[in-house]
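Listed below, chain by chain, are the residues.
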Amino acid sequence: MIIAERKPFKEIAAAVAPYDKILIVGCGTCVAVCLAGGEKEVGLLASQLKLAAGLKHRRIEVGEITVERQCDLEFLEPLCDFVADFDAIISMACGAGVQFLAHMCHFKPIFPAVDTTFIGVNNAVGYYTERCRACRRCYLGLTGGICPVTMCPKGLLNGPCGGTLNGKCEVDLQKDCAWSKIYQRLELEGRLDNLKEIVPLHPHSRGTTPGTVIHPAYRRRYGVDE
Ligand code: SF4
Ligand code: SF4
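What counts, and at which threshold
- Residues numbered from 1 in each chain as written.
- Chains lettered and ligands numbered in written order.
- Predicted model: local features only at pLDDT ≥ 70, side-chain atom pairs only at ≥ 80, totals over all residues.
- Near = placed C-beta within 6 Å.
- Nonpolar A, V, L, I, M, F, W, Y, C, P; charged D, E, K, R; others polar.
- Buried ≥ 20, exposed ≤ 12 C-beta atoms within 10 Å, placed from the backbone.
- Helix = DSSP H or I, 4+ residues; strand = E, 2+ residues; numbered from the N terminus.
- Arc of directions from axis to C-beta.
- Contact = placed C-beta atoms within 7 Å.
- Pairing = 2+ DSSP bridges.
- Axes fitted to C-alpha atoms, helices over the stretch in contact; angles between N-to-C directions.
- Domains from an automatic or database assignment.

Student: In this structure, what is going on with the site of ligand 1? I would like to understand it.
Tutor: Near ligand 1 you find Cys132, Arg133, Ala134, Cys135, Cys138, Tyr139, Leu140, Cys147, Val149 and Thr150, and these make up its full shell. Of the residues in the shell around ligand 1, the class split is eight nonpolar, one polar and one charged.

Shown next as structure tokens:
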């Protein structure tokens, strides 16, 4: 899932200070799970904005709505009419959701209320760790399910480097060396031979941005050559 963190209130409040009718749009999926931008966080932000305006003797209108996924056209289309009544929008989705909302709801200033942090896992309530950088060529089959791109600060595909010490990473001794973990895991799986394989340079040319993926079954529909 996408992990995000709420921006400081001061930053959000400053961004929408010129507007009197503000719509806050939450997202009910990843950012709701990581307690950054779901329905509850929308309500909290709305209360903060109204309270702050009241303290300055200003009257503002703050609308609240949370859609299931802001990164999905199906859920955004019905929002467009609703948005028309407001001067500005605050999106509490990840960066993809904010951009999709901006694309759909033309001409309304839009402001993010969260910082999109990483693709990670939900270990427990309020505790998330990064697991993937969406590198577009997954090596987990070779590395025992441990991502060298994400877990090694140098992103080494043929590790370890010369700095690993007692299983710790030279860049941050608080953290395990990714390649030591990979070694241990492959040893347990009886697959140490994987380490004899030299992984070629990562095909960064596949990573030009923005990326597009069209499922093979839909190529004809979207006019893409087979
Ligand atoms: S190798 Fe790592 S960064 Fe690349 S796709 Fe797999 S998990 Fe994600
Ligand atoms: S010590 Fe391990 S995790 Fe740290 S940079 Fe070197 S190979 Fe990567």
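Student: Would you mind showing me how to read helix α6 (residues 95-104) here?
Tutor: Three- or four-residue spacings in an α-helix give side chains the same orientation, since the helix completes a turn every 3.6 residues. Within α6, the full set of buried residues consists of Gly97, Val98, Phe100 and Leu101. Taken end-on, α6 shows its buried residues confined to a sector of 165°, consistent with a single buried face. Those residues of α6 that are buried lie in contact with β2 (21-27), α4 (73-76), β4 (88-91) and β5 (110-112).

Student: How should the sheet that holds strand β7 (residues 127-132) be read in this particular structure?
Tutor: A sheet is described by the order of its strands in space; here three strands give the open sequence β1-β6-β7, paired in antiparallel fashion. Each having just a single partner strand, β1 (2-6) and β7 make up the two edges of the open sheet. Within the sheet, the average angular offset between the axes of one strand and its neighbour, ignoring direction, is 70°. Pairing of β1 with strand β6 (residues 114-124), which is carried by five bridges, proceeds in the antiparallel orientation. If you follow Ile3 over to β6, its bridge partner there is Phe118.

Student: What is the right way to read the domain arrangement of the protein chain from this model?
Tutor: Interface size is often expressed as the accessible area that is lost when the parts come together. With domains assigned, the protein chain is organised as domain 1 (2-119) and domain 2 (136-197). Computed from C-alpha coordinates alone, the two centres of domain 1 and domain 2 are separated by 39 Å.

Student: How do you make sense of the environment of Leu45 when you look at a structure like this?
Tutor: Mapped onto the elements of the fold, Leu45 is located in helix α3 (residues 39-55). Separated by 36 residues in the primary sequence, Leu45 and Phe9 place their C-alpha atoms 8.0 Å from one another.

Student: Honestly, unusual backbone geometry in this entry has me stumped. Any pointers?
Tutor: Negative phi is the rule for most residues except glycine; trans is the rule for most peptide bonds. Put simply, Gly159 and Pro160 share a cis peptide bond, and its omega is 0°. Looking at where Pro160 falls in the secondary structure, it is placed in the loop between α7 (148-151) and α8 (178-189). With phi around 60°, His57 is a residue other than glycine that occupies positive phi space. As for its placement among the helices and strands, His57 is situated in the loop between α3 and β3 (61-67).

Student: What is the right way to read the sheet that holds β3 from this model?
Tutor: Through backbone hydrogen bonds, the strands of a sheet pair up, either in parallel or in antiparallel fashion. Spatially, the four strands line up as an open sheet ordered β3-β2-β4-β5, and their pairing is parallel. Each having just a single partner strand, β3 and β5 make up the two edges of the open sheet. The average angle at which neighbouring strand axes cross in this sheet is 20°, direction not considered. Across seven bridges, the pairing between β2 and β3 is parallel. Paired with Gly26 across the two strands is Thr66, which belongs to β3.

Student: What exactly am I supposed to notice about the site of ligand 2 here?
Tutor: Near ligand 2 you find 15 residues, and of these Cys152, Pro160, Cys161, Cys169 and Cys177 are the closest. Among the residues making up the shell around ligand 2, the classes are represented as 10 nonpolar, three polar and two charged.

Student: How do you make sense of the environment of Lys10 when you look at a structure like this?
Tutor: Tracing the sequence through the fold places Lys10 in helix α1 (residues 9-16). Owing to 9 C-beta atoms within 10 Å, Lys10 belongs among the exposed residues under this scheme. For the pair Lys10 and Leu49, spaced 39 residues apart in sequence, the C-alpha to C-alpha distance is 9.9 Å.

Student: Can you help me understand the pairing of β2 in this one?
Tutor: Of all seven residues in β2, six are buried; the element is thus mostly enclosed. Note that β2 and β4 share four bridges and pair parallel. Pairing of Ile22 across the sheet is with Ala88, part of β4.

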